[in-house]
Amino acid sequence: SGIGGDKTQMNKGVNDYWIIKTNGGVLPNGVAEHITGDIKIDVFPNPVSKYATLCFSLNEASATVIELIDMSGQVIKLIADDNFAKGNNTIHFNSQSIMAGMYFLKVNYKKGIAIKKILIE
């Protein structure tokens, strides 16, 4: 999958995502332990053609960095770097300048890192 290491698969198909916790490492290496239930993520539409909406729910307020990464783990685009409130949060992003292919949204928050697979057309 391009992520490497241990991961907890939460869904199937194009909407796959994983929740992992790192020990300060950078993906795809450094996975230390599984965490579950701390974040819920949805991206629509998926596949993405021009614009996408990322909805995520946090169990507590958290400084959060959201990045689009390619299959090799390289950051393609910084989507957000901000403090987000407990509960539901929504981010809209433009994917028009991104080449078509499979990518991951990496959500780095207080309790770990969640990875959501997306397809850009």
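The structure this text deals with has already been given above.
How each quantity is defined
Residues numbered from 1 in each chain as written. Predicted model: local features only at pLDDT ≥ 70, side-chain atom pairs only at ≥ 80, totals over all residues. Heavy atoms only, no water. Helix = DSSP H or I, 4+ residues; strand = E, 2+ residues; numbered from the N terminus. Buried < 20%, exposed > 50% of the residue type's maximum accessible area, 1.4 Å probe, protein only. Contact = heavy atoms within 4.5 Å. Areas by Shrake-Rupley, 256 points an atom, 1.4 Å probe, with all protein chains shown as cover. Core = buried A, V, L, I, M, F, W, Y, C linked by side-chain atoms within 4.5 Å. Pairing = 2+ DSSP bridges. Polar contact = N/O pair within 3.5 Å; in protein donor to acceptor, adjacent residues only side chain to side chain.

Colleague: Can you help me understand the overall build of the chain in this one?
Modeller: When you go through the chain residue by residue, the secondary structure sums to zero helices and ten strands. Each helix (α) and strand (β) of the chain, taken in turn from the N terminus, gives the series β-β-β-β-β-β-β-β-β-β. Residues classed as buried in the chain amount to 44% of the 121 residues present. Put simply, of all contacts in the chain between residues at least 6 apart along the chain, 55% involve residues at least 24 apart. Surface exposure of the chain reaches about 6,200 Å², of which carbon and sulfur atoms provide 48%.

Colleague: Just checking my understanding: could you explain the nonpolar core for this structure?
Modeller: Soluble globular proteins: nonpolar side chains tend toward being buried together. With 23 residues, the main nonpolar core has Phe56, Ile66 and Leu105 as its most contacted residues. The residues contacting Ile66, other than those within four sequence positions of it, are Leu54, Phe56, Lys77, Leu78, Ile79, Ala80, Ile91, Leu105, Lys106 and Val107.

Colleague: Even after reading the chapter, I still don't get the side chain of Ser62, so can you show me in this structure?
Modeller: Tracing the chain through its elements places Ser62 in strand β6 (residues 62-69). For Ser62, a relative accessible area of 6% translates into the label buried. When residues no more than four places from it in sequence are discounted, the contact partners of Ser62 are Asp82, Asn83, Phe84, Tyr109 and Lys110.

Colleague: Which parts of the structure should I look at to understand the environment of Ile115?
Modeller: Take Ile115: it is sitting in strand β10 (residues 112-120). Through-space distance from the C-alpha of Ile115 to that of Phe104 is 6.2 Å; in sequence the pair is eleven residues apart.

Colleague: Would you mind going over the pairing of strand β4 (residues 39-44) with me for this structure?
Modeller: Side-chain direction in a regular strand flips from residue to residue, so the side chains alternate between the two faces of the sheet. On β4, burial follows the alternation: Ile39, Ile41 and Val43 on one face are buried, whereas Lys40, Asp42 and Phe44 on the facing-out side are not. The pairing of β4 with strand β5 (residues 51-58) spans six bridges and is antiparallel. Counted as the bridge partner of Val43 is Leu54 from β5. Hairpin connection from β4 to β5: six residues lie between these consecutive antiparallel strands.

Colleague: In this structure, what is going on with the side chain of Asn46? I would like to understand it.
Modeller: Relative to the helices and strands, Asn46 is located in the loop between β4 and β5. In this structure the side chain of Asn46 is engaged in a polar contact, spanning 3.3 Å, whose partner is the backbone oxygen of Lys117. Polar contacts involving the side chain of Asn46 include one to the main-chain amide nitrogen of Leu119, which spans 3.1 Å.

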